[in-house]
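Below, each chain spelled out in residue letters.
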Amino acid sequence: LSAPDDSLTEMKWRSVMAKILARRGDVDQAVALVHEAAAIGSATGYLDWYAGVLVDVAEVEAVAARAPEAIDALRRSAGLYARKGNVISAAAVEGRLREASPA
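Here the structure is a predicted model, which is why all the values come from computation and not from measurement.

## Some words on the packing of aromatic side chains
Okay, step 1: Throughout the structure, instances matching the rule amount to one aromatic pair.
Okay, step 2: Plain terms: the ring middles of Y46 and W49 are 4.5 Å apart, the flat faces sit at 40 degrees to each other, and that makes the pair tilted.

Here it is, written out as structure tokens:
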């Protein structure tokens with residue numbers, strides 16, 4: 001029920017639905033939808049929004065058993081959070097990255 005130009009809402013509903021679809025086993029649709037969300041986030045210029053949706057991309061990619069893509073999304077998210085100066089979120093994503101990366 002949002003305006004089509006409400007980027008945050010358009011991005012968020014896609015991310016949430018993608019995570020639901022991935023957990024239900026519809027990984028192809030989930031991956032496509034979360035990447036739509038990431039494209040919206042990228043176009044906004046709001047680094048925190050985009051970094052957050054990249055964490056969602058990583059989650060969906062992990063469920064889809066696409067570890068390299070998940071790790072890449074986490075790396076990009078951590079970099080964006082650091083660039084924004086959001087050290088708390090950057091550290092949290094770095095922790096997830098350590099857990100997801102092979103030793």
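Now, onward.
## Brief notes about the pattern of salt bridges
Okay, step 1: All chains considered together, the criterion is met by eight salt bridges.
Okay, step 2: The salt bridge partner of E36 is R14, with a shortest N-O separation of 3.0 Å. Remark: R14 occurs in helix 1 (residues 7–24) and E36 occurs in helix 2 (residues 27–44); sequence separation between them is 22 residues.
Okay, step 3: Via salt bridges that share partners, K19, R23, D56 and E59 belong to a single interconnected network.

Rules and cut-offs
- Residues numbered from 1 in each chain as written.
- Predicted model: local features only at pLDDT ≥ 70, side-chain atom pairs only at ≥ 80, totals over all residues.
- Heavy atoms only, no water.
- Phe/Tyr/Trp six-rings, centres within 6.5 Å; stacked < 30°, edge-to-face > 60°.
- Salt bridge = Lys/Arg side-chain N within 4 Å of Asp/Glu carboxyl O.
- Helix = DSSP H or I, 4+ residues; strand = E, 2+ residues; numbered from the N terminus.

Function cannot be read off these values alone, since they describe shape.
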